[in-house]
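Structural overview
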Amino acid sequence: QKLLSEKQIDDRVLKRPGLLWYPDGGSDAIPHRHECWTALMSFGSPRILTIDDHPILLRDGDLIIFGTQRHGVPKMREPSSAFDDYGGRISAVFFFMPTGQQAQGSEP
């Protein structure tokens with residue numbers, strides 16, 4: 001709630017955070033999109049998040065905010081090791097509809 005309040009984000013879609021659990025590197029999220037924006041905080045092992053096919057490495061404690069772009073989490077492992085040897089990660093997500101300047105894009 002503090003993040004939404006400080007950034008003046010009107011959360012009309014979801015009133016509490018969602019939690020996504022990736023127990024190991026074999027866990028993934030197929031590419032998909034939402035009709036709203038996403039604020040995602042990552043906790044645990046580093047994982048790649050793809051946004052419109054661009055890989056972004058999220059580390060423990062990272063926050064990323066993005067719009068309605070197609071996104072997903074591919075499987076991940078260390079070279080020459082198994083997927084289940086890779087550490088887990090939890091993502092806390094907030095879905096919201098932009099208002100004000102966020103809804104207008106980059107206009108001043």
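The structure this text deals with has already been given above.
Predicted, not measured: the structure shown is a model, and the values here were computed from it.

This part is about the overall build of the protein chain. Assigned secondary structure in the protein chain consists of 2 helices and 8 strands. N-terminal to C-terminal, the α/β element order of the protein chain is α-β-β-β-β-β-β-β-β-α. Residues counted as buried form 35% of the 108 residues belonging to the protein chain. Of the contacts formed within the protein chain by residues at least 6 apart in sequence, a portion of 70% connects residues at least 24 apart. As presented, the protein chain carries roughly 6,800 Å² of accessible surface, and 54% of it is formed by carbon and sulfur atoms.

The bulk of non-glycine residues show a negative phi, and the bulk of peptide bonds are trans. Despite not being glycine, Asp-52 has its phi angle at roughly 50°, a positive value. Of note, Asp-52 is situated in the loop between β4 (47-51) and β5 (54-58). You can call Asp-52 partly exposed: its relative accessible area is 39%. Located in the positive-phi region is Asp-53, a residue other than glycine, with phi close to 70°.

Paired through backbone hydrogen bonds, the strands of a sheet run either parallel or antiparallel to each other. Strand order across the open sheet formed by 4 strands is β1-β8-β3-β6, with antiparallel pairing between neighbours. Both edges of this open sheet fall to β1 (18-22) and β6 (63-66), since each of them pairs with a single strand only. Adjacent strand axes in the sheet meet at a mean angle of 20° when their direction is disregarded. Relative to strand β8 (residues 89-96), strand β3 (residues 37-44) is paired through 8 bridges, and the arrangement is antiparallel. Residue Leu-40 lies in a different strand from β8, and its bridge partner there is Val-93.

Rules behind the numbers
Residues numbered from 1 in each chain as written. Predicted model: local features only at pLDDT ≥ 70, side-chain atom pairs only at ≥ 80, totals over all residues. Heavy atoms only, no water. Helix = DSSP H or I, 4+ residues; strand = E, 2+ residues; numbered from the N terminus. Buried < 20%, exposed > 50% of the residue type's maximum accessible area, 1.4 Å probe, protein only. Contact = heavy atoms within 4.5 Å. Areas by Shrake-Rupley, 256 points an atom, 1.4 Å probe, with all protein chains shown as cover. Pairing = 2+ DSSP bridges. Axes fitted to C-alpha atoms, helices over the stretch in contact; angles between N-to-C directions.

Honestly, it's all geometry; don't read function into it.
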